[in-house]
Amino acid sequence: MLPMETKLTPPETVLSLEHIAVRFGGLLAISDMTFSVREHEVVSLIGPNGAGKTTAFNVITGFVRPTEGRIVYRGRVLNGMKPHEVADLGLVRTFQKTSLFDRNTAFDNVLIGLHRRGKRKAWEILLALPRVAREEKMLSEEAERILDFVGLSRRAYELGGALPYGEQRLLEVAVALAARPEFLLLDEPVSGMNPTETRNFMKMLDKIREQGITILLVEHDMRMVMGVSDRVVVLNHGRIIAEGQPEEIQRNPEVIEAYLGQGATRAAD
Amino acid sequence: MRRWLGWLWVAFLVSVPLWMTDLYYLHVLIITGIFIIASMSLNLLLGYTGQLNLGQVGFFGIGAYTSALISLGFELKLTDNFALAVDPHPAWLGFVFGVILSGFAGWVVGRISFKIRGAYFVIVTISFAEVMRLVALNWVSLTQGPMALNNIPPFTVDIPGVWEAELYGKVPNYYIVLAVGVVSYIVIRRLVRSRLGRAMIALKENEPLATSVGIDVTRYLVLAAVVSAAMAGAAGSLYAHYVRIIDPDVFLFIYTVTMVIMVITGGKGTLAGPIVGGLIFGVVPELLRDTTRPEVQWIIYGGLMIAIVFFLPNGIVPAVHQWWRSRVSRAGVAVPLSEAP
């Protein structure tokens with residue numbers, strides 16, 4: 001009989017991109033991208049501007065159709081699915097540019113995010129059945145709980161668009177969490193935050209992770225990337241140039257060149 | 001608290017025929033009420049999902065013609081040896097069919113045209129209403145074309161032994177319109193204050209974010225279109241059985257424009273907006289009739305509209321609400337937006 005330790009299977013792959021290519025007319029945004037994310041992992045996607053990171057997010061969440069390749073999430077092929085169908089599978093994203101329901105309160109923002117948790121049909125709502133009121137109460141309590149989790153309770157009745165920038169970014173995460181993700185895609189969540197806010201955000205990310213949510217992160221803040229990631233995938237010109245643990249990536253000469261090399265080479269000429 | 005205020009307002013409206021003895025003004029209120037119902041239906045689409053339907057009158061007309069034809073009876077020659085003959089039915093049955101058929105038309109237009117948004121959607125809806133007008137004008141065997149459908153029976157009550165009556169006259173029609181108006185208001189209120197209404201608002205405010213949290217765009221736009229169209233059809237049916245004569249002019253573009261004016265000035269995306277805007281632009285021209293010449297009436301109408309849009313770009317109701325909020329918040333109490341009127 002085998003001892004227990006050796007029976008530990010490696011964590012299951014939940015998301016895999018297989019040979020994904022995206023072309024916009026003549027522009028090749030991504031060429032032959034293959035990588036996967038395992039259950040409960042935090043994986044960061046890094047690379048210089050224009051490397052195809054956001055395009056990768058758009059492909060995974062159904063906003064952009066890949067020209068070639070397959071995206072598989074828990075055994076289901078995501079190709080051709082609409083964004084809301086992808087969200088229904090538990091893959092929820094945030095956006096690079098701050099994206100909120102600006103003219104609604106923080107509380108209502110989260111309440112909208114809770115859409116997927118509501119089950120009452122139109123006819124039940126039109127008849128104002130008691131279960132509709134019960135569900136609304138449940139959703140309101142849940143919205144309060146989520147606002148509390150990201151630390152925005154005291155801002156609940158302020159308009160989303162009127163919040164300070166750092167808090168808008170927190171509210172975005174709150175809206176995404178409201179959709180009950182199993183897999184969260186965060187697109188530069190701390191851009192524009194000051195170091196203190198970033199540190200707090202990293203703590204929150206740990207708590208999100210403790211809830212068993214897998215995270216794919218696009219981020220430029222290297223301290224954060226190296227601090228939270230289990231693995232890092234480096235993109236340049238739509239291609240994966242390196243993949244591995246944060247320490248390996250930091251030492252990888254190709255990565256250093258992608259970030260610093262061209263300027264240095266040109267200076268040497 | 002606000003609900004109590006609403007029922008007080010309804011009680012006031014119920015009392016109107018008791019003290020307003022001038023039947024002409026009651027007539028004005030009935031027509032205004034019908035337009036308010038149509039405006040509320042337009043507001044559901046324009047104010048909550050952000051889609052401008054400039055063919056709303058198409059649904060109004062479908063409701064009017066369907067209801068009129070069912071209550072008059074008609075014969076539809078489908079082939080040379082098969083004809084669909086419908087005997088005259090009570091007006092309320094016409095009303096029900098008018099609502100269903102216009103709701104169905106809303107579903108069709110919604111399915112087809114929500115693939116395209118913005119300006120294209122506006123063009124499709126205008127065309128839809130214009131095509132409907134041409135059908136009504138040219139399908140003479142069914143609609144009598146420009147000769148109009150005459151003698152449309154009024155609503156009737158037929159509870160044997162208890163109450164049997166024909167409801168033509170201003171007072172009964174006033175109450176019918178009021179009842180349908182109150183029901184329409186409640187339907188819209190329940191819808192927009194629910195998860196479904198939040199989904200519609202979310203689509204208007206930020207569609208990519210809405211879809212990324214799992215909101216199905218087409219589904220909620222089509223739902224709004226169907227409810228909106230059915231409600232416009234109800235208004236059309238009320239119109240047909242009150243005026244008792246309809247011709248293809250019920251499809252005129254100017255009626256849609258009137259609805260849009262009522263919604264925009266009152267405040268799109270608010271429950272009370274179409275009612276406030278409808279009362280102003282339904283009643284004011286008639287009040288001016290006694291004192292001014294027709295040309296001056298329309299100048300005042302236009303001036304009033306420009307003034308409201310210029311000084312209160314969001315409409316009257318949001319302006320009042322904002323003023324109220326600023327007063328309340330100065331007193332230190334926060335008011336959640338979800339309790340907006």
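Residues numbered from 1 in each chain as written. Chains lettered and ligands numbered in written order. Predicted model: local features only at pLDDT ≥ 70, side-chain atom pairs only at ≥ 80, totals over all residues.

Colleague: Lay out the overall build of chain A in plain terms, naming residues and giving numbers.
Modeller: Scanning chain A for helices and strands turns up eleven helices and ten strands. In terms of C-alpha radius of gyration, chain A reaches 20 Å, essentially the compact-globule figure of 18 Å for 269 residues. Seen through its C-alpha atoms, chain A measures out along the principal axes to roughly 75 × 50 × 50 Å. Expressed as a percentage of its 269 residues, the buried residues of chain A come to 39%. When contacts within chain A are restricted to residue pairs at least 6 apart in sequence, long-range pairs at least 24 apart make up 66% of them. (Helix = DSSP H or I, 4+ residues; strand = E, 2+ residues; numbered from the N terminus. Rg over C-alpha atoms; globule rule 2.2 N^0.38 Å. Buried ≥ 20, exposed ≤ 12 C-beta atoms within 10 Å, placed from the backbone. Contact = placed C-beta atoms within 7 Å.)

Colleague: Please provide a residue-by-residue account of the interface of chain A and chain B, values included.
Modeller: Contacts between the two partners involve 33 residues from chain A, matched on the other side by 24 residues from chain B. Of all the secondary structure elements, the ones that give two or more residues to the side of chain A that touches chain B are helix H3 (83-88), strand E6 (91-93), helix H4 (106-113), helix H5 (122-126) and helix H7 (165-178) of chain A. Sort the elements by how many residues they give to the side of chain A that touches chain B and H4(A) lands first, with five residues.

Colleague: I'd like to hear about the nonpolar core, residue by residue, with values.
Modeller: If you look at the biggest cluster of nonpolar residues, it comprises 161 residues, and the most contacted ones within it are Val110(A), Ala174(A), Ala178(A), Ala224(B) and Ala235(B). Counting contributing residues per domain, this core is built from domain 1 (8-90 + 181-261) and domain 2 (100-164) of chain A, each supplying no fewer than three. (Core = buried A, V, L, I, M, F, W, Y, C linked by C-beta atoms within 7 Å. Domains from an automatic or database assignment.)

Colleague: Give a detailed account of helix H8 (residues 195-210) of chain A, specifying residues and quantitative values.
Modeller: All names here are of chain A. Here H8 contains 16 residues, and its C-alpha end-to-end distance of 23 Å stays within 8% of the 22 Å for a straight helix at 1.5 Å per residue. Among all positions in H8, only Phe-201, Leu-205 and Ile-208 are buried. What you see down the axis of H8 is that its buried residues fit within an arc of 60°, all on one side. For H8, the exposed residues lying more than 90 degrees away from the buried face are Pro-195, Thr-196, Lys-203, Asp-206, Lys-207 and Glu-210. One or two positions beyond H8, positive phi appears at Gly-212, with a value near 85°. (Expected span 1.5 Å × (residues − 1). Arc of directions from axis to C-beta.)

Colleague: Could you give an account of the domain arrangement of chain A, with specific residues and numbers?
Modeller: Parsing chain A into structural domains produces domain 1 (8-90 + 181-261) and domain 2 (100-164). A separation of 29 Å is found between the C-alpha centroids of domain 1 of chain A and domain 2 of chain A.

Colleague: Explain the pairing of strand E4 (residues 163-166) of chain B to me, and be specific about the residues and the numbers.
Modeller: Here strand E3 (residues 156-159) of chain B pairs with E4(B) via four bridges, running antiparallel. When the bridges of E4(B) are listed, Thr156(B) appears paired with Glu166(B). (Pairing = 2+ DSSP bridges.)

Colleague: Which residues make up the packing of helix H11 (residues 253-266) of chain B against helix H13 (residues 294-311) of chain B, and what values go with them?
Modeller: All names here are of chain B. The contact between H11 and H13 brings their axes to 9 Å, and the two run at 40°. Classified by the angle their axes make, H11 and H13 are oblique. Handedness of the H11/H13 crossing: left-handed. Facing H11, whose interface residues are Ile-261, Ile-264 and Thr-265, H13 presents Met-305, Ile-308 and Val-309. Per-class residue counts for the contact of H11 with H13 are five nonpolar, one polar and no charged. (Axes fitted to C-alpha atoms, helices over the stretch in contact; angles between N-to-C directions. Parallel < 35°, antiparallel > 145°, perpendicular 65-115°, else oblique. Left-handed = near helix turned anticlockwise from the far one by under 90°. Nonpolar A, V, L, I, M, F, W, Y, C, P; charged D, E, K, R; others polar.)

Colleague: So what's going on with unusual backbone geometry? Which residues, and what values?
Modeller: Within the chain, His237(A) stands out as a residue other than glycine whose phi angle is a positive 50°. Overall, His237(A) belongs to the partly exposed group, with 15 C-beta atoms counted inside 10 Å. The backbone of Ala148(B) shows a phi angle near 70°, a positive value even though the residue is not glycine. With respect to the helices, strands and loops of the structure, Ala148(B) is situated in the loop between helix H6 (140-143) and E3. Residue Ala148(B) is classed as partly exposed on the basis of its 16 C-beta neighbours within 10 Å.

Colleague: Give me the confidence of the model for chain B: which residues, what numbers.
Modeller: Residues of chain B with pLDDT of at least 70 account for 96%, and the chain-wide mean is 88. Reported confidences for the modelled complex are a pTM of 0.87 and an ipTM of 0.88. (pLDDT = per-residue confidence, 0-100.)

Colleague: Give me the sheet that holds strand E5 (residues 76-77) of chain A: which residues, what numbers.
Modeller: Consider a sheet: its strands pair through backbone hydrogen bonds, and that pairing is either parallel or antiparallel. Residue and element names in this part refer to chain A. Read across the sheet, four strands follow the order E2-E1-E4-E5 without closing on themselves; strand pairing throughout is antiparallel. Single-partner strands in this sheet number two, and they are strand E2 (27-38) and E5. Strand direction decides the pairing type here: strand E1 (residues 13-24) and E2, joined by eight bridges, are antiparallel. Within the sheet, the bridge partner assigned to Leu-17 lies in E2 and is Phe-35.

Colleague: Could you give me a rundown of the environment of Ala106(A), with the residues and numbers involved?
Modeller: Residues and elements named next belong to chain A. Relative to the elements of secondary structure, Ala-106 occurs in helix H4. Sequence separation of Ala-106 and Glu-144 is 38 residues, and the distance between their C-alpha atoms is 10.0 Å. Excluding residues that lie within four positions of it along the chain, Ala-106 makes contacts with Leu-147, Leu-152, Arg-155, Ala-156, Glu-158, Gly-160, Leu-163 and Leu-171.

Colleague: Any chance you could break down the packing of H11(B) against helix H12 (residues 273-289) of chain B for me, citing the residues and the numbers?
Modeller: Residue and element names in this part refer to chain B. Where H11 meets H12, the closest approach of the two axes is 7 Å, and the angle between their N-to-C directions is 120°. The orientation of H11 with respect to H12, classified from their angle, is oblique. Considering only the axes of H11 and H12, their crossing is right-handed. Contacts between H11 and H12 pair Thr-258, Ile-261, Met-262, Val-263, Thr-265 and Gly-266 from the former with Gly-273, Pro-274, Ile-275, Val-276, Gly-277, Gly-278, Ile-280 and Phe-281 from the latter. Taken together, the residues of the contact of H11 with H12 break down into eight nonpolar, six polar and no charged.

Colleague: Which residues make up the pairing of strand E9 (residues 231-236) of chain A, and what values do they have?
Modeller: Residue and element names in this part refer to chain A. Here strand E3 (residues 42-46) runs beside E9; their pairing, made up of four bridges, is parallel. By the bridge assignment, Val-43 is partnered in E9 with Arg-231. Pairing between E9 and strand E10 (residues 239-244): five bridges, direction antiparallel. In the sheet register, Asn-236 faces E10, and the bridge partner there is Arg-239. Count of turn residues in the E9/E10 antiparallel hairpin: two residues, of which His-237 carries a positive phi of about 50°.

Colleague: Now, about the sheet that holds E9(A): what can you tell me, with residues and values included?
Modeller: Residue and element names in this part refer to chain A. One open sheet holds the six strands; their spatial order is E6-E7-E8-E3-E9-E10, and the pairing between them is mixed. One side of each edge strand has no neighbouring strand; the edge strands of this open sheet are E6 and E10. Put simply, the sheet's adjacent strands are angled 15° from each other on average, direction ignored. Across the face of the sheet, helix H2 (residues 53-60) comes into contact with E3, E6, strand E7 (183-187), strand E8 (214-218) and E9 while running at roughly 150° to E7.

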